[in-house]
Amino acid sequence: MTDELALRYVTKVILLPWLQLRTSQVKTIGMVGFDPEVKKKLSGTEHGVAGAISGAITRFLCQPLDVIKIRFQLQVEPLRRTSKDSKYWSVTQATRRIIEEEGVSALWKGHVPAQVLSVLYGVVQFVSFEMLTKQSWLLFPHLREDSYRPMVHFVCGGVAGSFATLFSFPPDVVRTRLIAQGEPKVYKNIFQAVNLIYTKEGPRAFFKGLSPTLLQIAPHSGAQFAFYNIFISTWKNLVQVKDEHADNVHISGTGSLICGSLAGICAKTFIYPLDVAKKRIQIQGFQYARKGFGKDFTCHGLLHCLWLTVKYENISGLFKGLWPSMLKAGITTSLHFGIYEQSCQAIAALHR
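Scope of this entry: the structure provided in the associated data block. For clarity, every value in this text was computed on a predicted model and none was experimentally measured.

Reading the values: rules and limits
- Residues numbered from 1 in each chain as written.
- Predicted model: local features only at pLDDT ≥ 70, side-chain atom pairs only at ≥ 80, totals over all residues.
- Heavy atoms only, no water.
- Helix = DSSP H or I, 4+ residues; strand = E, 2+ residues; numbered from the N terminus.
- Buried < 20%, exposed > 50% of the residue type's maximum accessible area, 1.4 Å probe, protein only.
- Contact = heavy atoms within 4.5 Å.
- Areas by Shrake-Rupley, 256 points an atom, 1.4 Å probe, with all protein chains shown as cover.
- Phe/Tyr/Trp six-rings, centres within 6.5 Å; stacked < 30°, edge-to-face > 60°.
- Axes fitted to C-alpha atoms, helices over the stretch in contact; angles between N-to-C directions.
- Parallel < 35°, antiparallel > 145°, perpendicular 65-115°, else oblique.
- Nonpolar A, V, L, I, M, F, W, Y, C, P; charged D, E, K, R; others polar.

## Observations regarding the overall build of the chain
Now for step 1: In terms of regular secondary structure, the chain is built from 10 helices and 3 strands.
Now for step 2: Secondary structure elements in the chain, listed N-terminal to C-terminal, are α-β-α-α-α-α-α-α-β-β-α-α-α.
Now for step 3: In the chain, which comprises 352 residues, the proportion classed as buried is 52%.
Now for step 4: The long-range share in the chain, meaning contacts at least 24 apart out of those at least 6 apart in sequence, stands at 78%.
Now for step 5: A total of about 17200 Å² of accessible surface is found on the chain, and carbon and sulfur atoms cover 66% of it.

## Concerning the packing of aromatic side chains
Now for step 1: In this structure the tally under the stated criterion is 11 aromatic pairs.
Now for step 2: Residues phenylalanine 60 and tryptophan 108 carry aromatic rings whose centres are separated by 6.2 Å and whose planes lie at 35° to one another, so their mutual orientation is tilted. Here phenylalanine 60 is found in helix α2 (residues 44–74), whereas its partner tryptophan 108 is found in the loop between α3 (91–102) and α4 (111–139), with 48 residues between them in sequence.
Now for step 3: Classification of phenylalanine 60 by relative accessible area gives partly exposed; the value is 44%.
Now for step 4: Ring geometry for tyrosine 228 against phenylalanine 337: centres 4.3 Å apart, planes inclined by 10°, an arrangement best described as stacked. Of the two residues, tyrosine 228 is situated in helix α7 (residues 210–235) and phenylalanine 337 in helix α10 (residues 322–350); the sequence distance between them amounts to 109 residues. Here tyrosine 228 and phenylalanine 337 have matching classes, each one buried.

## Structural notes on the packing of helix α5 (residues 149–180) against helix α6 (residues 190–201)
Now for step 1: At their nearest, the axes of α5 and α6 sit 10 Å apart, and the two run at 105° to each other. What the angle tells us is that α5 and α6 run roughly perpendicular. Contact residues: α5 offers Val174, Arg177 and Leu178, while α6 offers Ile190, Ala193, Val194, Ile197 and Glu201.
Now for step 2: Here the residues of the contact of α5 with α6 are counted per class, giving 6 nonpolar, no polar and 2 charged.

Shown next, in the form of structure tokens:
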């Protein structure tokens, strides 16, 4: 009985206070967003390298889903098997048909401009996001509290996403044209595509669909960073990897992937109709290359595009391709944040 009382005394009076003290001294952190309490600071160039690595790997792995999503978005006919005029109606069916008609390489159509897009976007987005969050913490110290971080990340993420979009939009237009064309191809390669678009449609054609993109990218990018911060905070009591040279606990690769996936799905759902409108506006003047894909879709601006889509395809038309898009968003955002997080940690480890 004496031993039992002694054990209880040691546990209650000594061990529990010590564990609580240790827990309070250890802060769970990620590498996404400036944190004044992180000992290993990376330079802007290092953040850019991590963003480029993240963008390139993510794009290569997720390009087939992007091709299928764009094909769905551009199809006017219903995405149903019962519709005899529909070319595509499911992810697996679309994948099989694309491979049968155009070959396996068609799943990576537009991959070169897509890689340029992803690397540019990744570099500009993450570098500007890190700079913006750093300035926010320095100018407004009270915003360093955990309760304010999702809001700060939402605002900074929205601005960073807008900057990245302006830099990377022309490759996005070229990529969409290369994916949208059927057989025989109008554009044989990226260089011919750039040349024909410029000579036949002028430089403004490289920014077709910019207005709906900017309208969607700010809340979408902001929501991604905000949701990621929220899910990372929720994850902090699960599997973690402690940095031996700092009083911080870094989020594991598994945690980054899961939190990134949830953040991507939540953010994508809210802005999806604007993404459909953007893709349809980007192919205006390019309908002649889409013979065999169904009805032509002609519109004049964002509101006209949304109105025509609802008029002829109902509200569900604004969510065409949502399933592959959500699948892509979950995987893409998961890899985007996860690879960036781990790349930053690997670069920080080199400082030792």
